[in-house]
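Now for the letters of each chain:
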Amino acid sequence: MAEANPIRPQSAASVETWHREADVVIAGYGIAGVSAAIEAARAGAEVLVLERTSGWGGAAALAGGFIYLGGGTPLQKALGFEDTPENMKAFMMAALGPGADEEKITDYCNGSVDHYNWLVDNGVPFKESFYGQPGWETPFDDGLMYSGGENAAPFKEIATPAPRGHIPQMSDKRTGEKGGGYMLMKPLVETAEKLGVRAEYDMRVQRLVVDDTGRVVGIVAKQYGKELAIRARRGVVLATGSFAYNKEMVQSFAPRLIGRPGAAIEEHDGKAIRMAQAIGADLAHMDATEVAFFGDPQLMVRGILVNGRGQRYVNEDTYPGRIGQETLLRNENQAYLIIDEAAYEEGCAATSSTPFFRFQPKWVAETVEELESDMGLPAGTLQATVEVYNRHAENGEDPVLGTKPEWVKPIGTPIAALDLRNCTAGFTLGGLRTTIDSEVLHVSGEPIPGLFAAGRCTAGVCAGGYASGTSLGDGSFYGRRAGISAAKG
């Protein structure tokens, strides 16, 4: 039976030999896994981490490194920004919905300052420097920036803007290759090792082991083609990432992402979700996706984004991930950046972490009417859009979408359009439904004994929306909870 469907659970009674054992067994050595390992070890548990690849890090080590924290962290205060857990919650409930988990977000916001201090105490470095320019990330080693559109419409009217994107200090970064996530993972792994956490690599988890009471008591993994049964005396923690690279799951749950996965590593195949589903685990927000938009923010804020009907659909100064969601999920993946020559040159001269997203204009014209015709847009649509925008921009206003006055300037000539159609990719946000103690819930609503989870294989603080740093944020925050809960047994 196990060979026919390897995710089906195995009964503990059928295990002839336990090849390894520990108090707490953790699948995955990314941000959720390492955080769970540290806390479980500190709680006195013997900890074994099973990692599918040949080294620690997961997607976290390749990420930009944002950790979404607020409520008045020492870094926020040092840089002159006021924030409270209540203010942070107001933003997160508005930006991460619809369907955001209020209990989890309240818990996360209330514990955010403590979590920042925990990271610092474990060696994660943050520079007291704020980066205030538009961008996917800071191109420098600054420690704080806006990472979710907090200072842009509509959220700036809902909650007092405060930057919450905390970035570990690191020089010589390159987006998507060598980011601040490495400097998040490295000190945490070193801490885990000092605490005696053991890690075994090239371990591909296959299925859970369940005793006759329904309790999860171990996990079966395959290493170099050999199946190994690993006993967990107190608990199993699943921390193996999203399902962005599982084609069947994406087709079933998040079809807008078909053919455009954007997770950092292809090991995000949803295996842990399926293993837990096989013993009745519940799921949440499986259709939710973050969507990267391949446009340079320094250019986008200096022009206007229009859809396939020549109409604006999102304020250009907001979080680029929000622009990506609006483009792919609500505008058929159709986007053009309309910008004049002076603004284009100014944007290209600005420092950016994503200069490779500065595409050449596809169409250039002397008038909006000519550009509209060259682009094949319905007659009058782009002209009307630019006319309305320019009329209000003369007064530094954008009453249509609320772009900040500092970026609102009339569009002149020559005028160009960058073709940004299909310039999106994303990763999944849904997964196992968990409690604030990182217990995996059965479809009945009861916790599954012995099973815990954290990170992108779970439905964390995000539901419909996203802010950069929420993956590493709730992965580390609830990874800690998973480790504490698992160690209790």
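These figures come from a predicted structure and were not determined experimentally.

A.B. asks: Is there a simple way to explain the overall build of the protein chain in this structure?
C.D. replies: The number of helices and strands found in the protein chain is 14 helices and 20 strands. A compact globule built from 489 residues should have a C-alpha radius of gyration of about 23 Å, and the protein chain, at 24 Å, falls within 12% of that. Taking the principal axes of its C-alpha atoms as reference, the protein chain extends roughly 80 × 50 × 40 Å. For the protein chain, the proportion of its 489 residues judged to be buried stands at 58%. Put simply, 73% of the contacts in the protein chain that link residues at least 6 apart link residues at least 24 apart. Entry remark: accessible area of the protein chain is about 18600 Å², with carbon and sulfur atoms responsible for 48%. Between the mean site of the 45 positive side-chain charges and the mean site of the 62 negative ones, the protein chain shows a separation of 6 Å.

A.B. asks: Before we go on, may I ask you to explain helix H14 (residues 470–488) in this structure?
C.D. replies: With 19 residues, H14 extends 27 Å between its outermost C-alpha atoms, agreeing within 8% with the 27 Å of an ideal straight helix rising 1.5 Å per residue. The element H14 is largely enclosed, with a buried count of 16 among its 19 residues. Just past H14, the residue Gly489 takes up positive phi, approximately 80 degrees.

A.B. asks: Can you help me understand unusual backbone geometry in this one?
C.D. replies: Across the chain, the bulk of peptide bonds are trans and the bulk of non-glycine residues have phi less than zero. In this chain, Gly97 is followed by Pro98 through a cis amide linkage whose omega measures 0 degrees. Mapped onto the elements, Pro98 comes out in the loop between helix H3 (85–95) and helix H4 (102–110). We note that Tyr224 has phi near 55 degrees; this positive angle belongs to a residue other than glycine. Within the secondary structure, Tyr224 sits in the loop between strand E9 (216–223) and strand E10 (226–238). The exposure class of Tyr224 is exposed, given its relative accessible area of 67%. One non-glycine residue, His285, lies in the positive phi region at around 55 degrees. By the secondary structure assignment, His285 is in the loop between strand E11 (283–284) and strand E12 (289–293).

A.B. asks: What exactly am I supposed to notice about the side chain of Arg164 here?
C.D. replies: Within the secondary structure, Arg164 sits in the loop between strand E5 (144–145) and strand E6 (165–166). Within the local environment of Arg164, its side chain forms a polar contact with the side chain of Tyr68, the two groups lying 3.0 Å apart. In terms of polar contacts, Arg164 uses its side chain to reach the side chain of Asp83, at 2.7 Å.

A.B. asks: Just checking my understanding: could you explain the packing of aromatic side chains for this structure?
C.D. replies: Here the distance between the centres and the angle between the planes together describe a pair of aromatic rings. Applying the stated rule across the entire model yields 16 aromatic pairs. Ring geometry for Trp136 versus Tyr319: centroids 6.1 Å apart, planes at 75 degrees, classification edge-to-face. In this pair, Trp136 is assigned in the loop between helix H5 (112–121) and E5 and Tyr319 in the loop between strand E13 (304–306) and helix H10 (320–330), connecting sequence segments 183 residues apart. By relative accessible area, which is 14% here, Trp136 ends up buried. Residue classification places Tyr319 among the buried positions, given a relative accessible area of 5%.

About the thresholds
Numbering of residues starts from 1 in every chain and runs along the sequence as written. In keeping with the predicted nature of the model, local features appear solely for residues at pLDDT of at least 70, side-chain atom pairs appear and are counted solely at 80 or more, and the whole-chain, interface and lining totals rest on all residues. To get the side-chain values, take all heavy atoms of the structure and skip hydrogens and water. Only DSSP runs of H or I with at least four residues qualify as helices, and only runs of E with at least two residues qualify as strands; both kinds are numbered from the N terminus onward. Here the globule rule reads 2.2 Å times residues to the power 0.38, and the radius of gyration is calculated from C-alpha atoms. Exposure categories follow from relative accessible area, calculated using a 1.4 Å probe and restricted to protein chains: below 20% of the type maximum is buried, above 50% is exposed, and the middle band is partly exposed. Contacts between residues were defined by any pair of non-hydrogen atoms, one from each residue, lying within 4.5 Å. Note on areas: these come from Shrake-Rupley sampling with a 1.4 Å probe, and a residue is covered only by the protein chains present in the view. Charged residues are defined narrowly, with Lys and Arg counted positive, Asp and Glu counted negative, and His plus the chain ends left uncounted. Where a charge lies is defined by one atom per residue type, namely NZ (Lys), CZ (Arg), CG (Asp) and CD (Glu). Multiply 1.5 Å by the residue count of a helix minus one, and that product is the helix's expected span. Any N or O atom pair separated by 3.5 Å or less is treated as a polar contact, with the protein-specific requirement of one donor-capable and one acceptor-capable atom, and with residues adjacent in sequence counted only for side-chain atom pairs. Aromatic pairing here means that ring centres of Phe, Tyr or Trp (its six-membered ring) are within 6.5 Å. Orientation follows from the plane angle: under 30 degrees is stacked, over 60 is edge-to-face, and everything else is tilted.

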